[in-house]
Amino acid sequence: MGKKGKKEKKGRGAEKTAAKMEKKVSKRSRKEEEDLEALIAHFQTLDAKKTQIVETPCSPPSPRLNASLSAHPEKDELILFGGEYFNGQKTFLYNELYIYNIRKDSWTKVEIPSPPPRRCAHQAVVVPQGGGQLWIFGGEFASPDGEQFYHYKDLWVLHLATKTWEQVRSPGGPSGRSGHRMVAWKRQLILFGGFHESTRDYIYYNDVYAFDLDTFMWSKLSPSGTGPTPRSGCQMSVTPQGSIVIYGGYSKQRVKKDVDKGTQHSDMFLLKSEEGKEGRWVWTRINPSGTKPTPRSGFSVAMAPNSQTLLFGGVCDEEEEESLEGDFLNDLYFYDATKNRWFAGQLKGPKSEKRKRRRGTKAEPEGANKQECEEASAQAPLEVVREVITEDGTVVTIKQMLTAPGPSKQPQSDEDDSPEEAGGPLVEPRPRSNAMLAVKHGRLYLYGGMFEAGDRQVTLSDFYCLDLHKKDQWMVLVEADPDTQEWLEETDSEDSDAGEGAEGGEEDEEDEDSSEEDQEPQHPVVTPGEQFADYLSRTEQYWVKLARDDAGSEAKEKRVLKEAHAMAKAFFDDSA
């Protein structure tokens, strides 16, 4: 009895500590959130001027990450909402709504009166009720300088049949947060985790909430058993047996003043509703077999055919006390809940009859009848291949732009040609984190995301498709556009307008882009038809000098070399 009582006291003590921390974070962040509320209200006033639905055919959305991409439950459409973009000086938040027509390979911008405020890192779930509904909870808004954050705790529904937004006000819901995860379970939305951050403090959550789609009421669940520690950005999916799987995620904790230590979780849990006991849930830790994903954060998740969960990309961070270096990834993993097993997604490569397809031709729309993803895949608009990373255990730099052997793939034994012989280099999305995924008709769609090259954050707007039944190779729907890769160096000037930064400021972006071009150093040009290996051999000393100037005299030689290769590859790809 004594041991049990001591354990219960310890548990209550942990709850009290968490409650104190949440109160502390709430108090410190209240002031900055009040400042941002005024800015959000300003944008909502502008949105309120929209009195009718306007649908405008358009080019693909601008570069962004942490948006949501959802498959329409009834139509051959994908729905993109929100997101963020950082150009080195300003943070831009969006509440734009885009519809991608799969069969027509076309985008439409849909402006609807009274939309949710601008946000990113929210969660969006589609349910079939009422002709289709898109439910959105939470997310964050950031000041233009990216130093202050407002975390939403609002719940919205987009009625897809009528194209109308509705804010659903229901008490007892989760606190404001972003990076949480939400899934549809029977006629409920189940929400887990996330985090809340202010300028000085942060808190991660591992609480669970349910929203009833019939009564429009929130309830906080209190599962028995030992569940996941607080985290954000995890995998959350529903198994064919009706349980909910939680995998991985990210959290950080303060180790000393102004020094935080991040944790990339790789544990896995099952949240199961107890039969015959309504509202009673239980946590169980599980240990799947197979080829598990390497530890990472910022990965993207979608439901694949046969109720398998698909995981793509992310970043593996190596933290030192004063720096954070990341290895960006573009690999695929599948989790089969019926077998409790992970396996790597191995692409087979193009077939031999496709090898004469010219490089650089535009991909045909995926939605045409009998059109398969491999028909345009051999064009390789970008010489993007999977990189190999030297494991030295000390210094890790940005690897996403480094060349290496081709991506992991296994040629079928009954094929005469290897993928390299059959169709040249295998096309695939470049490594990235925080991309948007959706699956429709057995095809995986990937949009945007980001990677880093040195101190530069590159936000993407490319668009890919992969047939999950064939698993042959990716098809490029929208190529990476070097003209959208804007990066402005930090400046001490304070003349940037806050409203422009948060709203998007398209005209300003063009001006900034042109001024950036004026100041762009003249790097060694890429000659027509030149391969990256040849270009790097010819220009390596130039990039090493540039990287050394950027990193400082005290930087380790290995880090300088890797930084130089990353800069060279970024310039090479932008010039392709």
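Residues numbered from 1 in each chain as written. Predicted model: local features only at pLDDT ≥ 70, side-chain atom pairs only at ≥ 80, totals over all residues. Heavy atoms only, no water.

Peer 1: How should I be thinking about the overall build of the protein chain in this particular structure?
Peer 2: Helices and strands together make up the secondary structure of the protein chain, namely six helices and 30 strands. For the protein chain, buried positions account for 52% of its 576 residues. (Helix = DSSP H or I, 4+ residues; strand = E, 2+ residues; numbered from the N terminus. Buried < 20%, exposed > 50% of the residue type's maximum accessible area, 1.4 Å probe, protein only.)

Peer 1: Explain the sheet that holds strand β9 (residues 133-137) here, please?
Peer 2: Adjacent strands of a sheet pair through backbone hydrogen bonds, lying either parallel or antiparallel. The antiparallel open sheet is built from four strands, whose spatial order is β8-β9-β12-β13. Edge positions in the open sheet fall to β8 (123-127) and β13 (164-167), since each of these has one partner strand only. Geometrically, the sheet is characterised by an average inter-axis angle of 20° between neighbouring strands, direction not taken into account. Alignment of β8 against β9, held across five bridges, turns out to be antiparallel. Following the sheet pairing, V126 is matched in β9 by L134. (Pairing = 2+ DSSP bridges. Axes fitted to C-alpha atoms, helices over the stretch in contact; angles between N-to-C directions.)

Peer 1: Hey, could you run me through the environment of A184 in this one?
Peer 2: For A184, the location among the structural elements is in strand β14 (residues 181-185). In sequence terms A184 and S237 are 53 residues apart; their C-alpha atoms lie 8.9 Å from each other. Apart from residues lying up to four places away in sequence, A184 is in contact with V125, V127, L189 and V238. (Contact = heavy atoms within 4.5 Å.)

Peer 1: Looking at this structure, how should I read unusual backbone geometry?
Peer 2: Keep in mind that most residues, glycine aside, have a negative phi and that most peptide bonds are trans. A positive phi angle is found at N66, which is not glycine, with a value near 55°. Tracing the backbone shows N66 in the loop between β1 (54-58) and β2 (68-71). If you check the backbone angles, S114 has positive phi at about 55° while not being a glycine. By the secondary structure assignment, S114 is in the loop between β7 (106-111) and β8. Of the residues examined, S114 reaches a relative accessible area of 44% and is grouped as partly exposed.

Peer 1: It is not clear to me how the pattern of salt bridges should be interpreted in this structure. Could you clarify?
Peer 2: It is possible for side chains bearing opposite charge to pair when their charged atoms get close. Taken as a whole and assessed by the stated rule, the structure comprises 17 salt bridges. Among the ionic pairs, D462 bridges to R432, the shortest N-O distance being 2.8 Å. In this pair, D462 is assigned in strand β29 (residues 456-467) and R432 in the loop between α2 (419-423) and β27 (436-440), connecting sequence segments 30 residues apart. For D462, a relative accessible area of 0% translates into the label buried. Counted as one network, the salt bridges with shared partners bring together D47, K50, E111 and R118. (Salt bridge = Lys/Arg side-chain N within 4 Å of Asp/Glu carboxyl O.)

Peer 1: Would you mind showing me how to read the nonpolar core here?
Peer 2: One broad rule of soluble globular proteins: the nonpolar side chains tend to lie buried together. Formed by 19 residues in total, the largest nonpolar core has its most connected members in L310, L332, L444, L468 and W474. Among the elements of the structure, β23 (300-304), β24 (308-320), β25 (323-336), β27, β28 (443-453) and β29 are those that each provide at least two residues to this core. With near-sequence residues (within four places) excluded, L310 lies in contact with S300, V301, A302, A304, L332, Y333, F334, L437, L444 and L468. Judged by nonpolar contacts, the second largest core, of 17 residues, contains A438, F463, M475 and V478. (Core = buried A, V, L, I, M, F, W, Y, C linked by side-chain atoms within 4.5 Å.)

Peer 1: Explanation requested: the packing of helix α5 (residues 532-551) against helix α6 (residues 557-575) in the structure shown.
Peer 2: Packed helices, taken two at a time, are described by the angle their axes make and the gap between the axes. Where α5 contacts α6, the two axes come as close as 7 Å, and the packing angle between them is 120°. In terms of axis orientation, α5 runs oblique to α6. In this structure, the crossing between α5 and α6 has a hand that is right-handed. Each of F532, Y535, L536, E540, W543, V544, L546, A547, R548 and A551 in α5 lies in contact with α6, whose residues at this interface are E557, V560, L561, E563, A564, H565, M567, A568, K569, F571 and F572. Classifying every residue of the contact of α5 with α6 by side-chain character gives 15 nonpolar, one polar and five charged. (Parallel < 35°, antiparallel > 145°, perpendicular 65-115°, else oblique. Left-handed = near helix turned anticlockwise from the far one by under 90°. Nonpolar A, V, L, I, M, F, W, Y, C, P; charged D, E, K, R; others polar.)

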